[in-house]
Every structure is written in C-alpha cells, then in structure tokens.
Amino acid sequence: MLWYTGRRILQMIPVFFGATFLIYFMVFSLPGDPIAALYGDRPPAPGVIEQVRAQYNLDKPFIVQYFLYIGNFFQGDLGTTYSGRPVSDVMAGAFPVTFRLAMLALFFESVAGIVVGLIAGLRKGKLFDASALVVSLLLISVPTFVLGFVFRLTFGVQLGWFRTTVSGEAPWGELVLPALVLASVSFAYIVRLTRASVADNLNADFVRTATAKGLSRPRVVTVHVLRNSLVPVITFLGVDLGSLMVGAIVTEGIFNINGVGGTVFKAITLGESTTVVSFIAVMVVIFVVANLFVDLLYAALDPRIRYAK
Amino acid sequence: MSQSVIDITPEGLPVGSTEGIQADEQPLLQIRNLEVGFQTQRGLVPAVRGVDITLYAGQTLAIVGESGSGKTTTAQAIIDLLPGAGKVTGGQVLFEGRDLTKLSAKEIQAVRGNLIGYVPQDPMSNLNPVWNIGFQVEEAIKANGLAQGKEARARTIEVLQEAGLSDAADRLKQYPHQFSGGMRQRVLIGIGLSARPKLLIADEPTSALDVTVQRQILDHLGTLTRDYGTSVLFITHDLGLAAERAEQLVVMYKGKVVESGPSQEILANPQHPYTQRLVSAAPSLASRRIQSAKHASAGDSAIYSGDSLDDTLVARAAEREHAAPVKDLISIENISKVYRIRKKGLRTDELRAVDGVSFGIQKGTTTALVGESGSGKSTVAKLVLQLESITSGSIEFDGQDVAGLKGKELLKFRRRVQPVFQDPYGSLDPQYSVGNTIAEPLLAHGVGTAKERQARVKELLEQVSLPWSSRFRYPSELSGGQRQRIAIARALALKPDVLVLDEAVSALDVLVQGQVLNLLTELQTELGLTYLFITHDLAVVRLVADNVCVMQRGRIVEAASTDDVFDNPQQAYTQELLAAIPGGNFQFGR
C-alpha cells in the first residue's frame, strides 16, 4: 500500500510540470500585448513599456520566463497581476468560495446520486427506474444556465427559500442553491452510473451465492452489491471534483459568485499569464491530489487493485 | 445420522412417482411437476416443463444434461435463486413435506443455508472479490445463527479446515484472488456445508477445475456429506462424473426429465434416445470404446456403427498405426520461457513457465500437450504461434528457425500456422458477422478479389458444416459449438499447414464436443493438417492424438504415443491424471 501511494505521488511530478508548461505556453502564444492593453488609448511615456516588460520578465525568451516563474512558484512567490495586486491575494479571495461551492455540490451529487441510482438499479424496469432515467436525461440535456435561472426564479424569487445572489463572503447557506445547480448534471451521470453498476452486480454469481448462504436481502444489497458497485462511481467523482472547481463559470456568473472560474476567465481575456498559470497550477495540484485520493479509495474498495502491484 | 435405506424405485417408473415406496418413509425432497419460465419481451419462455424428482435422506442424486436443458434452473428454483426474470409457474417443491414455492421471502431465507446448502458452479466468480475469505464464511455462519462473535471466528476456521484448507487460520484475511480455483471451491463447499444442511445442492461444483483437483474435491465432498448424512443434489453435464458420484440419475433434456433411475442401470441400458446419445458421446466413455472397437471383431463394432463419431475416429486410429516416419514439420528444441513477476518494491521474481521443453510434430499428425492449468502448456502454444518470444531454445518450422521472424517473413509464417482458442465467446468479435469474421484473415493477407474471398468463405462454411445463410449472422446469435466451427473456419481460411488448438473443445458440451472433434478429424484427413492440441482433458486426447506430451510445472514429464501413454503410463503423474478421469473406473455398456 505504501509503495502504491509512493508511486502515485511520484507520478504527480511530470503531470505538474507538463500541465503548467503547456498552460504557460498557451497563454504566451495568445495574440495581443497585455502591457499595451493596460494603458488603453493613452500611450505611456516611451521607455515605460520597456520597463514594465522587464519587470514582468516579458522581454526574455519564453523558456526563461517559464523557469523564472516556476522558480518563484516554489519559493511561494506567485507574482503579481499587471495591475500590481499579488496573485496570492486574488487566490485567497477566489479559492475558498469555489472550494465551498464544489464541496457542497460534490456532497449533493454523490449522496443523492448514489441513493437514487441504487434504488433505480434494484428496481430496474419499474416506475421509479424509468422516472429516474427520464429525469437524469433531462438534467443532462438542459443547459446549466437554463436550470440556473429556473432554480433562481422558483426557489429564490417565487418561493423565497434562498437568496438569489451570493454575497461577497459567500457563506455555506447561500451557496446551497448554486451548488444544487452545479451538481445537477453530475448527479444525473452518477444516477446512471450507479444504476447500471448495481443492476450488473445484482446478477453477479457471488450475489446469488450470498443469497444462498441465507443472508437477508438488505445485507446482500449493502454488503455485496453496493460496495462492488461504487468503484466506477468513485472514479467519476474524482474526475468531477476537478471539473467542479474549474467548470463553475456559468453557475458563478448566474449567482454572482466571485469564484475561481470567473477570475480565470477574466485573467485569460486580459492576457494575465502569471495569474492564469498560477491558478491553473494550483488546480492541477488539486486535480492530481483528488485523483490520488480516488486511487487510494479505489484500492480500499477493491483489494485486487491493492495487491496488484 | 443413521444410514437410511435407499429405496430404488421399480424400473420404468419415474423417480418422482411415489407408488411402490413404503408409505412410512417421507422423501426429503420431492419435486412435483415443476414448471419454471423466463419472462421475456416475447412472453413467457418455459425452461423447466413438468419435472418430477424425488430424493431421500442420505441419498445422492445427479441431474445430467447439456447446457440449456434446465438442470441448473431446476436446482435454483428449489431455493428461489432464479435470476430476475425467472419464475416458478407451476408444480410443487416439497422439502420435508413443506412446499418451498409457497414460502414468503423471510421463510425461504431461513431455509437457505440452514436446511439447504448450495455450492455454485464457477469458483472464480462466486466469491465476492472485495471481501476477504474469513468475512465471507463468517457471514454465512452468523446469518444462520450458528455462532456469534469470537465463536463465529473459531467456527469459520473449523469449517474451512473441514473443507480441506489446512492453513485456514492464517488465510482468513486473504482475498479470493489470492486463492487458486480449487481452494476457492473448497471455501464454497465450506460455506455450503457450514450450517450442516440436510440437503446440499451442488451445481457443477468442479467443472471449472482440473481433473486431479476435481477428483480430490469430489472425494472430499463425498466424505463430508457421508459423515454429516447430508443428501446431495448434484448437477453436472458429465455423465461419467454423475455415474461415479451418484446412486440415482435424472437425465434432463429441453426442460424435461427423459429418464431417471439408478445410475448403473441407466448407463448400462439407456432407454431414451437422448440418453443413448449422451452415453455414446461422453469422451471418458468413448475412449474406452475406441479401444475396444480397435480390437473387436466386425460384429462387435456394429453396435456403435450408428454413431458417425466412432467410424471416423476408429478409421483414424487405424491409419495412424500405419503412418510412416517422416521428418518433423515442427521441431522444438529445449525451449524455455521466463516471465518476470513484479514483487513488492523493485524486486522481481522469475517464473519459469516453460522449462527446457523439446518435442517434434510430424506432418499430418496430432500431438497433444496435456497438463493441469499452470503447467505451461498454453505458454508453449503461444511460443509456437510466435505470440510470445522464447527466452532460450529454438523452434523450427519446416526447416526454418522461427524465433526471430519479422515483418513479411513472420506474416508468411502466420499464414501457415493458425490458432483456435478455447473460448468461442471471447475469440470472435461480436461486431463482425460470420462472413466477415471468416474473410478477415484473407483480407489481412490480401488474398484474392472480393469475389474469390466470397467463394472461399462459402467453401469454408461447407467444410465446417454450416449453412451458407449463416454468413450474415452474428456471434451472439450462435451456439458455442457453432462459434467454435466459425473459429475453425477462420483458422482454415488461409489454408494453413498447422492448427494450434488451445483447449479448443474444452468449453463445449459433450455432444457438441464430439461433433467438433469429429469435424477436426475429418478436416485433418481431408486437408492433411497438422495439429498441436492443447488440453487438460485426457479423455479427449485419446480420441484425437497420435502423440502425447504430458506437462507438469513447465516440463514435459512423459512423451509417447497415445496408446503407450494410456495403456502403459510410465510416470506417477500421468497415472494420477489418468486415474482422475471421471467415470474411468466405471463399467459402461457392457
């Protein structure tokens, strides 16, 4: 197990460097001059632009820029935005909000998704199963912004259960509604994944053997069906955690949340390479750690993986 | 428990009939006119149609039939283990006078495990891979209220030890994938018998195992059930096995009981045409028959002339005796294959899968490689096919060293040496129609025009006795035997000289197995093919092989002509394998 964990951690290193390098390169290649854009229509005094360029290392070759950046990154210096604000400040504002939102969404989609999927799988072909399939298909096909506006209108405006916009601090309570919207698509996938997996395992020979032992139905389902069915679901959740952190732009927009998605989007349009790369680098780390966690959970759920190496 | 007197029902009466049996003894299990159907989109498809079976305490009864005959469905219906769409649609299952089909879910749950134990077919898939062995046994013990807590743990160890796992205490924390097939089956037998049930249903408990392991396990099961006085309902497709292990026999065909009675009687004097076919096709029995046919007078062999299987096989057997020695087509010199197995950390272990194996195959003959799983026989097949590279030694084909072949040369070699694999379900692409499957090698090697390929497919389908119309069908629409015919047709498409048959008939039912073996023999005579036949089934070897190499732990322990190996085995291991053939010591026919 220790060896397995160590190997997974070692594998994170090339992933980290590869991803940051690619992102840095892509932002570098974006058309337009961010410094010129900074000053808009009024060109600054000659020499100023050169000075600013030098300050941000923009006058050096790409590869040097990258390594200077990475060097600083490991010293904890994430650089500053072109407007002079430290990137770490921007992050401190955005990440906790998005993190809370993603955690809430992950909680909703996994708990509700697994429960609904389990019931649907156990009653394959019955009314509950059919309705679950229809609802999940709807959730997958309706765009997030439509669902977001509908939820906001119904639960926020008409019923008044939730606040329609999220305040600056974004406390947990205010994030419930956006989290539900954010979770909806993944919820639908988890329902389908769990359902298929449960229905599959229900026909497994070992489930029949468990029944033949004289076990009660609830015990057969929880001990022999559910645990085996969770492996693919866990994989999905691991990948999804990453996309929840990044892909919340639309939801953040609808509910006016100052999260990661919006910040990165703004930074990309402004060509703020240090901001973009720093955010992406942190996200890569989150993504890789989440995957490591999933792999370990995997091994915990399925001993064959644990002993394979 | 006292040894109960076994009532043998009068001849001609179905076992299910209660007439002629003393009224004071109640049967332990009495199945009356049982009907089971499967709900499909086209309505209810009957699988079991009016089955009667009677089993008395302490008796062993075997249900024999090919797959699809409804034998497993009958057994599963007894304790309501039918898969989702299955339903008992009529009849009764009386267990100690109580109709099990009428019980509520709670009541049948109390019967399962406690009164009726169950040992399933495939040890590989019947243990939950994510729980350790101890947990899975203990669970059964607790569920049946036999013991709790520490006591349950102690009982778990006891159960496993009784089932033949002597080091049970140390292995409780291990997972199914760390156990061999035979050991897993022992665990399953332990679970089935853990509550000392009155009846044990054993559904093909050993068909996935090697013959020697099979024998050990069945011997052990026999001893245990005798000691506990447990009745056994034994389900198998192997007639020899049934005859050896059960005193009563029920033969099922297409959901019905076609014949039932004492095993000896049925095998000696089968009445129903299906039973007669089954008796004549069982390879373990046929081996003996060929032997007798070869030495028998013409009058004697006329008894078997109804069966085309024997004619060809006997003819081949005679032919092979006259075969003149020629140069080997394939000669294998001292080949070894070493696999590196990763261990904990950076260390590796070496596994010598094949260790200094040498043998030769003459053109137009069949050489069988026999051994248990793990003996390295399939690895030899892969090495000969150049699917894996040899670690040392040399393989010569038609005078050419094939070890380092690359590119065009390798392609040429592949045209001449073709494989047929064990699993006809896995070796055909489900997305390819039969016609495309057979034409694929032609296409891959750029043989002929589209029209010529079409003609060749037609010819091949004829050779394997399948109708021309089957070219549009897909593997999922075909039976196991038909699929294996397709696999053979595909292998023959390029007109190879050699077929490497890796357990090519092991997954098939006896009757189908007989047909495919017959086909292979005919094709060999017709096309002058050379076979390397890999199998764990010695009974089959006798039918088809000229020479036999017995493998054990990567080495050839005995190599000789088929007759020598069977009549005069030199090595203890070979003798053990021969003795383990089910039904081998049983008198069939006369």
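Residues numbered from 1 in each chain as written. Chains lettered and ligands numbered in written order. Predicted model: local features only at pLDDT ≥ 70, side-chain atom pairs only at ≥ 80, totals over all residues. Heavy atoms only, no water.

(A) Representation of the overall build of chain A. Within chain A, the regular secondary structure consists of 14 helices and 0 strands. If you list the helices and strands of chain A from N to C, you get α-α-α-α-α-α-α-α-α-α-α-α-α-α. For chain A, the spread of C-alpha atoms along the three principal axes comes to 85 × 55 × 30 Å. The buried share of chain A, reckoned over its 309 residues, is 44%. Only carbon and sulfur atoms are counted for the fraction: they give 69% of the accessible area of chain A, which is about 15,200 Å². (Helix = DSSP H or I, 4+ residues; strand = E, 2+ residues; numbered from the N terminus. Buried < 20%, exposed > 50% of the residue type's maximum accessible area, 1.4 Å probe, protein only. Areas by Shrake-Rupley, 256 points an atom, 1.4 Å probe, with all protein chains shown as cover.)

(B) A nonpolar patch on the surface, seen in detail. Residue and element names in this part refer to chain A. Among the surface-exposed residues, Phe21, Leu22, Phe25, Met26, Ile63, Val64, Phe67 and Leu68 lie close enough to one another that they form a single nonpolar patch of about 700 Å² accessible area. Among the elements of the structure, helix 1 (2-29) and helix 4 (62-74) are those that each provide at least two residues to the nonpolar patch. In this structure, Phe21 sits in helix 1. Its relative accessible area of 30% is what places Phe21 among the partly exposed residues. (Patch = residues over 30% accessible without salt bridge, like charges linked within 9 Å, V, L, I, M, F, W, Y side chains within 5 Å. Salt bridge = Lys/Arg side-chain N within 4 Å of Asp/Glu carboxyl O.)

(C) Representation of helix 4 (residues 149-162) of chain B in the model. Residues and elements named next belong to chain B. With 14 residues, helix 4 extends 20 Å between its outermost C-alpha atoms, agreeing within 8% with the 20 Å of an ideal straight helix rising 1.5 Å per residue. Within helix 4, burial applies to Ala152, Arg155, Thr156, Ile157, Val159 and Leu160. Residues of helix 4 that are buried in the fold lie against helix 3 (133-143), helix 5 (168-171) and helix 6 (181-193). One or two positions beyond helix 4, positive phi appears at Gly164, with a value near 105°. (Expected span 1.5 Å × (residues − 1). Contact = heavy atoms within 4.5 Å.)

(D) Inspection of the interface of chain B and chain A at higher detail. With 28 residues of chain B at the interface, the matching set in chain A holds 24 residues. For the chain B and chain A pair, buried surface summed over both sides reaches about 2,600 Å², with 56% attributable to carbon and sulfur atoms. There are 2 salt bridges connecting chain B and chain A. The salt bridge involving Glu139 of chain B is made with Arg219 of chain A; its shortest N-O contact spans 3.1 Å. Applying the counting rule to chain B against chain A returns 14 residue pairs in polar contact (both at pLDDT 80 or more). Split by residue class, the side of chain B that touches chain A holds 14 nonpolar, 11 polar and 3 charged. (Buried area = accessible area lost by both parts, 1.4 Å probe. Polar contact = N/O pair within 3.5 Å; in protein donor to acceptor, adjacent residues only side chain to side chain. Nonpolar A, V, L, I, M, F, W, Y, C, P; charged D, E, K, R; others polar.)

(E) Up close: the packing of helix 16 (residues 434-444) of chain B against helix 17 (residues 450-463) of chain B. All names here are of chain B. One way to put it is that helix 16 packs onto helix 17 with a least axis distance of 10 Å and a crossing angle of 120°. Classified by the angle their axes make, helix 16 and helix 17 are oblique. Like other packed secondary-structure pairs, helix 16 and helix 17 cross with a definite hand, here right-handed. Contacts from Val434, Gly435, Ile438, Ala439, Leu442 and Leu443 in helix 16 reach Arg453, Arg456, Val457, Leu460 and Leu461 in helix 17. Grouping the amino acids of the contact of helix 16 with helix 17 by side-chain chemistry returns 8 nonpolar, 1 polar and 2 charged. (Axes fitted to C-alpha atoms, helices over the stretch in contact; angles between N-to-C directions. Parallel < 35°, antiparallel > 145°, perpendicular 65-115°, else oblique. Left-handed = near helix turned anticlockwise from the far one by under 90°.)

(F) Focus on helix 6 of chain B. End to end, helix 6 of chain B covers 18 Å across 13 residues, agreeing with the expected 18 Å (1.5 Å per residue, within 8%). For helix 6 of chain B, the buried fraction is high: 12 of the 13 residues fall into the buried class. Where helix 6 of chain B is buried, its residues meet helix 9 (205-212) of chain A together with strand 6 (116-119), helix 3, helix 4, strand 7 (199-203) and helix 7 (211-228) of chain B.

(G) Molecular detail of the layout of surface pockets. In this structure, the second largest pocket spans a volume of roughly 1,200 Å³. In this structure, the second largest pocket is lined by 39 residues; those nearest its centre are Arg217 of chain A together with Asp80, Leu82, Pro83 and Gly84 of chain B. For the lining of the second largest pocket, the secondary-structure elements that each account for two or more residues are helix 5 (87-122), helix 8 (172-202), helix 9 and helix 10 (217-246) of chain A together with helix 1 (71-78), strand 4 (86-95) and helix 2 (105-111) of chain B. Here the residues of the lining of the second largest pocket sort into 18 nonpolar, 11 polar and 10 charged. (1 Å grid on protein atoms, 1.4 Å probe; cavity = no way out; pocket = protein on both sides within 12 Å on 5 of 7 lines; lining within 4 Å. Points joined across faces, edges and corners; volume = space filled by probe spheres on them.)

(H) Structural view of the sheet that holds strand 2 (residues 43-55) of chain B. If you trace the 4 strands from one edge of the open sheet to the other, you get 2-1-4-5 (chain B), paired in antiparallel fashion. Lying at the two open borders of the sheet, with one neighbouring strand each, are strand 2 and strand 5 (98-99) of chain B. (Pairing = 2+ DSSP bridges.)

(I) Looking closely at the packing of aromatic side chains. Within this structure, the stated rule accounts for 18 aromatic pairs over all chains. Geometrically, the ring pair formed by Phe21 of chain A and Tyr66 of chain A is edge-to-face, given 5.0 Å between the ring centres and 85° between the ring planes. Pair noted here: Phe21 of chain A is in helix 1 and Tyr66 of chain A is in helix 4, with a separation of 45 residues, a long-range link. Between Tyr189 of chain A and Phe236 of chain A, the aromatic rings sit 6.0 Å apart at their centres with planes inclined by 50°, giving tilted as the arrangement. Of the two residues, Tyr189 of chain A sits in helix 8 while Phe236 of chain A sits in helix 10, which places them 47 residues apart along the sequence. With a relative accessible area of 39%, Tyr189 of chain A lands in the partly exposed category. Looking at Arg471 of chain B, its charged tip hangs above the ring of Trp468 of chain B, at a distance of 3.9 Å from the centre. (Phe/Tyr/Trp six-rings, centres within 6.5 Å; stacked < 30°, edge-to-face > 60°. Lys NZ or Arg CZ within 6 Å of the ring centre and 35° of its normal.)

(J) Structural view of the nonpolar core. Residues Phe95, Leu101, Leu230, Phe255, Ile257, Val260 and Phe279 of chain A are the most contacted members of the largest nonpolar core, which totals 76 residues. Apart from residues no more than four positions distant in its own chain, Phe279 of chain A is found in contact with Val90, Met91, Ala94, Phe95, Val260, Thr263 and Val264 of chain A. Ranked by size, the runner-up nonpolar core spans 52 residues in total, among them Leu428, Val434, Ala493 and Leu494 of chain B. (Core = buried A, V, L, I, M, F, W, Y, C linked by side-chain atoms within 4.5 Å.)

(K) Main features of the pattern of salt bridges. A full pass over the atoms with the stated rule returns 23 salt bridges over all chains. In this structure, Glu162 of chain B engages Arg196 of chain B in a salt bridge whose closest nitrogen and oxygen atoms are separated by 3.5 Å. Residue Glu162 of chain B is found in helix 4, and its partner Arg196 of chain B is found in the loop between helix 6 and strand 7; the two are separated by 34 residues along the sequence. Here Arg196 of chain B falls in the partly exposed class, since its relative accessible area comes to 35%. The residue Lys337 of chain B makes a salt bridge to Glu388 of chain B at a minimum N-O spacing of 3.8 Å. Within this pair, whereas Lys337 of chain B is found in strand 11 (residues 328-342), its partner Glu388 of chain B is found in the loop between helix 14 (377-384) and strand 14 (392-397), the two being separated by 51 residues in sequence. Residue classification places Lys337 of chain B among the buried residues on the basis of a relative accessible area of 8%. Taking the relative accessible area as the measure of exposure, Glu388 of chain B reaches 23% and is therefore partly exposed. One continuous salt-bridge network, built from bridges that share partners, spans Lys213 and Arg219 of chain A together with Glu139 of chain B.

(L) Fine view of unusual backbone geometry. All names here are of chain B. Notably, Asn334 is not glycine yet its phi reads approximately 50°, a positive angle. Structurally, Asn334 is set in strand 11. Under the relative-accessibility criterion, Asn334 is labelled partly exposed at 46%. Unlike most non-glycine residues, Gln386 shows phi in positive territory, near 65°. Note that Gln386 resides in the loop between helix 14 and strand 14. We classify Gln386 as buried; its relative accessible area is 12%.

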